[in-house]
Amino acid sequence: MDKLIKKLNDFNELVMFKHSIFSLPFIFIAMIVSAQGWFGFKLLILGILAALTARNFAMGFNRFMDRDIDALNPRTINRPNVDGRLDAKQIFIFTFLNALGFIAVAYFVNDLALYLSIPILIIIGSYSYFKRFSYFAHIILGISLGLAPIAGVVAVSESIPFWAILLSIGVMFWVAGFDLLYSLQDIEVDKKLGLHSIPSKFGVQKTMLFSKIFHILTIVFWLLFVIFSNSSYFAYLAVILSALMLSYEHYLVNKDFNKIDKAFFTVNGYLGILFFILIVLDNIFFV
């Protein structure tokens, strides 16, 4: 039993399970807005399973592909895919099973979800390749998490309304923007290993400028989402507070690079939760 618990902890560390907080709120935001309120326990369970299996696949595939890179980066050298706690075969099986799990969940959601399941897996898996030849990898990561609201609305309505696309584009720029800041930690390693990233190509100051632009676009698209989804006061408040939190994130990074982890995990984690809560309130009081 102890060995099983240890192995489960190793897989938990491999995929950084706690980071699911970035995508889960926006899946359910889309589901709530699409259903104009409660969407049912069945879709709640299927939504959670879809989010977790998709993310486990993406992270597992990334760790499988990046074993050589992670072994040469001081920040990642102690990850389970590098230090021997999990071998390549175990990671591959874990990744494959989560891919099958995601497709199976999509089958029980509806036909459109099933048709989109494999293209979604291809997109979220492609991130691992892009940094080897293109500094657009940050955008690909953003697109991967930006698919979360699309998945949510497809589950409820089996369609993709315009407001959901606007919400997804906002998520894309949000994720790409904070990934740029997070990538500043690896700027020297990326240069040394010949990896493609915006920090290694354009430097620190331009990277921070690009991140600010991305986060301005995030607020613009989230505001458009609120307008086109006919949401109300709490939704507008969600956008305003998101703008303040993203400003605080940039303040933290500008002040001290050692606070990148705090900016990345804490601020962005709370942002997603707060946005979700306010959308729930909006649909309770104004729908």
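Note that the structure is a prediction, hence the values are computed from the model and not measured.

For the rest of this paragraph, the subject is the confidence of the model for the protein. Averaged over all residues, the pLDDT of the protein equals 87, while 92% of them reach at least 70. Confidence scores differ between elements of the protein, with helix α1 (residues 2-15) showing the lowest mean pLDDT of 71 and helix α11 (residues 204-228) the highest of 95.

Of note, F108 is situated in helix α5 (residues 88-109). Taking the C-alpha atoms as reference, F108 lies 9.7 Å from A155; in sequence the two are 47 residues apart.

Glancing now at the nonpolar core. Membership of the largest hydrophobic core comes to 68 residues, with the highest contact counts inside it found for F26, I124, W174, W222, F225, F275 and I279. Filtering out sequence-adjacent residues up to four positions away, I279 remains in contact with I29, I32, V33, F225 and A235. Among the nonpolar cores identified, the runner-up in size contains seven residues, and F11, V15, L86 and I91 belong to it.

Turning our eyes to something else, we now look at the environment of N283. You can see N283 is positioned in helix α13 (residues 260-285). Judged by relative accessible area, which is 12%, N283 ranks as buried. Measuring from C-alpha to C-alpha, the distance between N283 and W38 comes to 9.0 Å, with 245 residues separating the pair along the chain. Not counting residues up to four positions away in its chain, the partners in contact with N283 are I32, V33, Q36 and G37. Within the local environment of N283, its side chain forms a polar contact with the backbone oxygen of I279, the two atoms lying 2.9 Å apart.

Time to look at the packing of aromatic side chains. Tallied over the entire structure, the rule returns 19 aromatic pairs. Aromatic pair W38 and F41: ring centres 5.1 Å apart, planes at 75°, arrangement edge-to-face. The aromatic ring of F202 is capped on one face by K201, whose charged end is 5.7 Å from the ring centroid.

The subject of this paragraph is the packing of helix α2 (residues 24-35) against helix α3 (residues 41-65). Look at α2 against α3: their axes get within 10 Å of each other, and the N-to-C directions meet at 145°. In this structure, the crossing between α2 and α3 has a hand that is right-handed. Only L43, L44, G47, I48 and A51 of α3 make contact with α2, whose side of the interface consists of L24, I27, F28 and M31. Within the contact of α2 with α3, the residues separate by chemical class into eight nonpolar, one polar and no charged.

Together, I160, F162, I165, L223, I227, F228 and Y236 line one region of the surface with nonpolar side chains, adding up to about 610 Å² of accessible area. Among the elements that line the nonpolar patch, the one with the most residues is α11, at three residues. Topologically, F162 is positioned in helix α8 (residues 162-183).

For T207, the location among the structural elements is in helix α11. Look at T207 and you get buried, because its relative accessible area is 0%.

By the secondary structure assignment, I91 is in helix α5. Residues I91 and N62 lie 29 residues apart in sequence; the distance between their C-alpha atoms is 9.9 Å.

Our focus in this paragraph is helix α7 (residues 137-157). With 21 residues, α7 should cover 30 Å at 1.5 Å per step; its first-to-last C-alpha distance of 31 Å lies within 8% of that length. Most of α7 is tucked away, with 17 of its 21 residues classed as buried. Following α7 by one or two positions, E158 has its phi on the positive side, about 55°.

This part takes up the packing of α3 against helix α6 (residues 111-130). Close contact between α3 and α6 brings their axes to 9 Å; oriented N to C, the two are set at 25°. The orientation of α3 with respect to α6, classified from their angle, is roughly parallel. Crossing hand, α3 versus α6: right-handed. Residues A54, F57, A58, F61, N62 and M65 of α3 form the contact with α6, whose participating residues are L121, I124, G125, Y127, S128 and Y129. Within the contact of α3 with α6, the residues separate by chemical class into nine nonpolar, three polar and no charged.

Procedures and definitions
Residues numbered from 1 in each chain as written. Predicted model: local features only at pLDDT ≥ 70, side-chain atom pairs only at ≥ 80, totals over all residues. Heavy atoms only, no water. pLDDT = per-residue confidence, 0-100. Helix = DSSP H or I, 4+ residues; strand = E, 2+ residues; numbered from the N terminus. Core = buried A, V, L, I, M, F, W, Y, C linked by side-chain atoms within 4.5 Å. Buried < 20%, exposed > 50% of the residue type's maximum accessible area, 1.4 Å probe, protein only. Contact = heavy atoms within 4.5 Å. Polar contact = N/O pair within 3.5 Å; in protein donor to acceptor, adjacent residues only side chain to side chain. Phe/Tyr/Trp six-rings, centres within 6.5 Å; stacked < 30°, edge-to-face > 60°. Lys NZ or Arg CZ within 6 Å of the ring centre and 35° of its normal. Axes fitted to C-alpha atoms, helices over the stretch in contact; angles between N-to-C directions. Left-handed = near helix turned anticlockwise from the far one by under 90°. Nonpolar A, V, L, I, M, F, W, Y, C, P; charged D, E, K, R; others polar. Patch = residues over 30% accessible without salt bridge, like charges linked within 9 Å, V, L, I, M, F, W, Y side chains within 5 Å. Areas by Shrake-Rupley, 256 points an atom, 1.4 Å probe, with all protein chains shown as cover. Salt bridge = Lys/Arg side-chain N within 4 Å of Asp/Glu carboxyl O. Expected span 1.5 Å × (residues − 1). Parallel < 35°, antiparallel > 145°, perpendicular 65-115°, else oblique.

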